[in-house]
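Here is what each chain is made of, one letter per residue.
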Amino acid sequence: MKVAGSVRVPGDKSITHRVLLLAGLARGTSHIGGALTSLDAQSSARVLRQLGSELSPLRKGTTVTVRGRGKFTAPKVTLFCGNSGTTTRLLLGLLSAHRFSATLTGDRSLRRRPMRRVTVPLATMGAQFTEQQGDGLPLTVRGGRLQPLRYDMPVSSAQIKSALLLAGMAGEVGVSLREPKGRSRDHTERLLQAFGFGVTERDGWIHFTPGGRLEPFDIQVPGDPSSAAFLVGAATMAQSGELRVSGVGVNSTRTGFLDVLGRMGARVEIEEPATHFGEPVGDLIVRPAALWGTEVTAGEIPGLIDEIPLLAILASRAVGTTTFRQVGELRVKESDRLGLIAENLRAVGAGAEVVGDDLVIEGTDRLPRGKVRTAADHRLAMAFAVLGTVTGARISIDDMACAAVSFPGFTETLREIRGSGR
Ligand code: S3P
């Protein structure tokens, strides 16, 4: 395949959820440009409307207008969070400071994902939870007056961290947190700082102090590096050409995959980085390259957690072995991503094993051929579609529609970057 052109990717999913929730809570009208309009973003918009915020429709290319009331109102219906763990967990944090009951649920995948990782510390702060199915959804939260929290997090997770910081903001109490291993994405910290809240870091602890004021705001959301990663992967495996992905968020808590790709031999440059609304944004220039295996350490995992399916695909085409250390968290993503990455790589003729919590991949130059089972996991579908761009590959994927969870138009964009001469 030859790669060519200059493309944009949809807005950052993590930032879109956060700014929708914050705008939904602020008293007054906010404007959000470049917001993601995918199914996950629609889930945040839908539940915000059910909590009393007014939002204009999320449509590609339009600015979203959000009118918040300064607080949420009690919902009349069960809040359906679709496939979105971020919507659910961040909202549980905000609802913990609201004196009413709300019940949250989601699709089959979301209902099986663990929620105690946020409800246990939120209960320590003073919120009450009623489970219907053990550690998952549906779940009812009744918020109230909150206590300050000091908490050693059992896993490095931006969703847990953000749920607790947002509870601190909405409940006007201090929160101190420590992540065990590696640093997860810090968009919530940056946004809270921009509103004048005290967010500082010392000796591995993140300290939140109340005192800021959530005001309506205007913001432009950068392109999602996690979506860009799939195009970077396809361009790296191409035989010739060059691809530019412009306007991508390059916050260092999100670009761990570029460091790993660099070690594997990839040729990716970041051009013209500039800071917009507290987040660095730049263009990625990608040229094809031969890859070799590497070891991805446990400390690196939180900074590339969503890019492991794509990195695993690239590792299957690299010379030698690639090991991802301690990636057990992948078992509780939109699917059991750890098991399915290995199973599907073997199904298309590559070597892959799960050893304890490590993922070990043997590269091969055999043509990838076979059937892929995604369990409706968007990132698995997109990663294996990228593997399908290898010349001579024959891969059938059971569900490509699920790409719309995070990357509407993915298949078209992947087609668009293929220059002539495939
Ligand atoms: C996200 C955090 C990560 C990531 C998810 C988005 C966020 O989840 O996998 O896609 O926006 O905070 P965890 O916090 O569970 O690792």
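Relevant structure appears above.
What comes next concerns the included structure.

1. A word on the side chain of Ser335
Mapped onto the elements of the fold, Ser335 is located in the loop between strand E20 (321–324) and helix H11 (337–347). Setting aside chain neighbours within four positions, we find Ser335 in contact with Arg112, Leu330, Leu340, Thr374, Ala375, Asp377 and Leu380.

2. Remarks on the site of the ligand
With respect to spatial proximity, the complete set of residues near the ligand consists of Lys13, Ser14, Arg18, Thr86, Arg89, Ser157, Ala158, Gln159, Arg185, Ile305, Asp306 and Lys333. In the environment of the ligand, an oxygen atom lies 3.0 Å from a nitrogen or oxygen atom belonging to the backbone of Ala158. In the complex, the protein chains occlude 95% of the 390 Å² of accessible area that the ligand would expose alone. Ranked by the residues each element gives to the shell around the ligand, the list is headed by helix H1 (residues 13–25), at three residues. Of the residues belonging to the shell around the ligand, the class tally is two nonpolar, four polar and six charged. Here the shell around the ligand gathers at least three residues from each of two domains, domain 1 (2–8 + 222–419) and domain 2 (13–219).

3. Considering the sheet that holds strand E22 (residues 358–362)
Here four strands make up an open sheet; going across it, the order is E19-E20-E22-E21 and the pairing mixed. Two strands in the sheet have a free side with no partner beyond their single neighbour: strand E19 (295–296) and strand E21 (351–355). Pairing geometry for E20 and E22, over four bridges, is antiparallel. Bridged to Thr321 within E22 is Glu362. Strands E21 and E22 of the sheet are contacted by H11, whose axis makes an angle of about 155° with E21.

4. So, the side chain of Arg117
Tracing the backbone shows Arg117 in helix H5 (residues 116–125). Owing to a relative accessible area of 17%, Arg117 belongs among the buried residues under this scheme. Here the side chain of Arg117 touches Glu329 through a polar contact of 2.8 Å, side chain to side chain. Apart from residues no more than four positions distant in its own chain, Arg117 is found in contact with Arg89, Val155, Ile160, Glu329 and Val332.

5. Side note on the packing of aromatic side chains
Per the counting criterion, the structure on display carries four aromatic pairs. Between Phe407 and Phe410 the ring centres are 5.3 Å apart and the planes differ by 70°, which places this aromatic pair in the edge-to-face class. The burial state of Phe407 is the same as that of Phe410; both residues are buried. Taken together, Phe230, Phe407 and Phe410 form an aromatic cluster joined through their ring pairs. Above the ring of Trp205, the side-chain terminus of Arg150 is found at 4.0 Å from the ring centroid.

6. Side note on the nonpolar core
Soluble globular proteins: nonpolar side chains tend toward being buried together. Residues Ile308, Leu345 and Leu359 are the most contacted members of the largest nonpolar core, which totals 67 residues. Element by element, the count of residues in this core is highest for helix H8 (residues 225–237), at eight residues. Sequence-distant contacts of Ile308, that is, excluding residues within four places in its chain, are made with Ile301, Phe324, Val327, Leu330, Ile341 and Leu359. With 65 residues, the next largest nonpolar core counts Val19, Ile32, Leu48 and Val175 among its residues.

Definitions and cut-offs
- Residues numbered from 1 in each chain as written.
- Predicted model: local features only at pLDDT ≥ 70, side-chain atom pairs only at ≥ 80, totals over all residues.
- Heavy atoms only, no water.
- Helix = DSSP H or I, 4+ residues; strand = E, 2+ residues; numbered from the N terminus.
- Contact = heavy atoms within 4.5 Å.
- Near = heavy atom within 4 Å.
- Polar contact = N/O pair within 3.5 Å; in protein donor to acceptor, adjacent residues only side chain to side chain.
- Areas by Shrake-Rupley, 256 points an atom, 1.4 Å probe, with all protein chains shown as cover.
- Nonpolar A, V, L, I, M, F, W, Y, C, P; charged D, E, K, R; others polar.
- Domains from an automatic or database assignment.
- Pairing = 2+ DSSP bridges.
- Axes fitted to C-alpha atoms, helices over the stretch in contact; angles between N-to-C directions.
- Buried < 20%, exposed > 50% of the residue type's maximum accessible area, 1.4 Å probe, protein only.
- Phe/Tyr/Trp six-rings, centres within 6.5 Å; stacked < 30°, edge-to-face > 60°.
- Lys NZ or Arg CZ within 6 Å of the ring centre and 35° of its normal.
- Core = buried A, V, L, I, M, F, W, Y, C linked by side-chain atoms within 4.5 Å.

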